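Secondary and tertiary structure notes
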Amino acid sequence: NALNLPFEDYSFDWVVTKNLLHHLVGKTRKESKQFAKRAVEELIRVTKEDGYIIILDQYNRHKLFSSIVFYLTLFFSIFSISLNSFGLGENVIVSFLHPDETMRLLLENGNIELIFNKENKIDVSKKLKYSLLMADIGRLLVIGKVRKNVKI
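Here is what the cut-offs are and how they apply
- Residues numbered from 1 in each chain as written.
- Predicted model: local features only at pLDDT ≥ 70, side-chain atom pairs only at ≥ 80, totals over all residues.
- Heavy atoms only, no water.
- Axes fitted to C-alpha atoms, helices over the stretch in contact; angles between N-to-C directions.
- Helix = DSSP H or I, 4+ residues; strand = E, 2+ residues; numbered from the N terminus.
- Parallel < 35°, antiparallel > 145°, perpendicular 65-115°, else oblique.
- Left-handed = near helix turned anticlockwise from the far one by under 90°.
- Contact = heavy atoms within 4.5 Å.
- Nonpolar A, V, L, I, M, F, W, Y, C, P; charged D, E, K, R; others polar.
- Core = buried A, V, L, I, M, F, W, Y, C linked by side-chain atoms within 4.5 Å.
- Buried < 20%, exposed > 50% of the residue type's maximum accessible area, 1.4 Å probe, protein only.
- pLDDT = per-residue confidence, 0-100.

**A short note on the packing of helix α1 (residues 29-46) against helix α3 (residues 99-107)**
The contact between α1 and α3 brings their axes to 9 Å, and the two run at 40°. It follows that α1 is oblique to α3 by the angle criterion. For α1 against α3, the interelement crossing comes out right-handed. From α1, Lys33, Ala36, Lys37, Val40 and Ile44 reach across to α3, where they touch Glu101, Leu105 and Leu106. Residue classes in the contact of α1 with α3 are distributed as 5 nonpolar, no polar and 3 charged.

Here you go:
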């Protein structure tokens, strides 16, 4: 469980997540963001001093569209609806963050030194572009170095 990792503090030199944060969903968008925040706190907790956290996740640059996609996928999941032509399957709920939100989650406690940050926009099909909901999505790679003893 990413919200309560079963490891002792300072257990790992490297902690890597891939496509995790946008799948930590709650009943609301706000709760989903709280889950993402809690997961990042857990990553920091289990990483050793001078260890690295690597986050690779998908993003949506449009916060409004991210919220719409979240509630659409939640609705589809509740009612077992699939719309495969748009990549929306039953039991798949997503809560995409904006790249700045992901960065803020990692850096907000002040104990992380940003080492690397890169966005790669995903080229989506025309039907997704025209829907606007997924017109500006991509992958974010962030690497941070943990500095637990930093005093701010």
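Next comes the rest of the description.
**Section: the nonpolar core**
Among the nonpolar cores identified, the biggest contains 22 residues, and Leu21, Val40, Leu43, Ile53, Ile55, Leu106 and Ile112 are the most heavily contacted of them. Residue assignment for this core shows that the elements contributing at least two residues are α1, β2 (47-60), α3 and β4 (137-146). For this core, the element with the highest residue contribution is α1, accounting for 6 residues. Apart from the residues within four sequence positions on either side, leucine 106 is in contact with Val40, Ile44, Ile53, Ile55, Ile112, Val142 and Gly144.

**Considering the confidence of the model for the protein chain**
Here the protein chain averages 91 in pLDDT, while 95% of its residues score no lower than 70. Highest mean pLDDT in the protein chain belongs to strand β1 (residues 12-18) (98); lowest belongs to helix α4 (residues 126-131) (77).

**Description of the environment of leucine 105**
Locating leucine 105 in the fold gives a position in helix α3. The exposure class assigned to leucine 105 is buried, which follows from its relative accessible area of 14%. Residues leucine 105 and aspartate 136 lie 31 residues apart in sequence; the distance between their C-alpha atoms is 21 Å. Not counting residues within four places of it along the chain, the set of residues in contact with leucine 105 comprises Ala36, Lys37, Val40 and Leu97.

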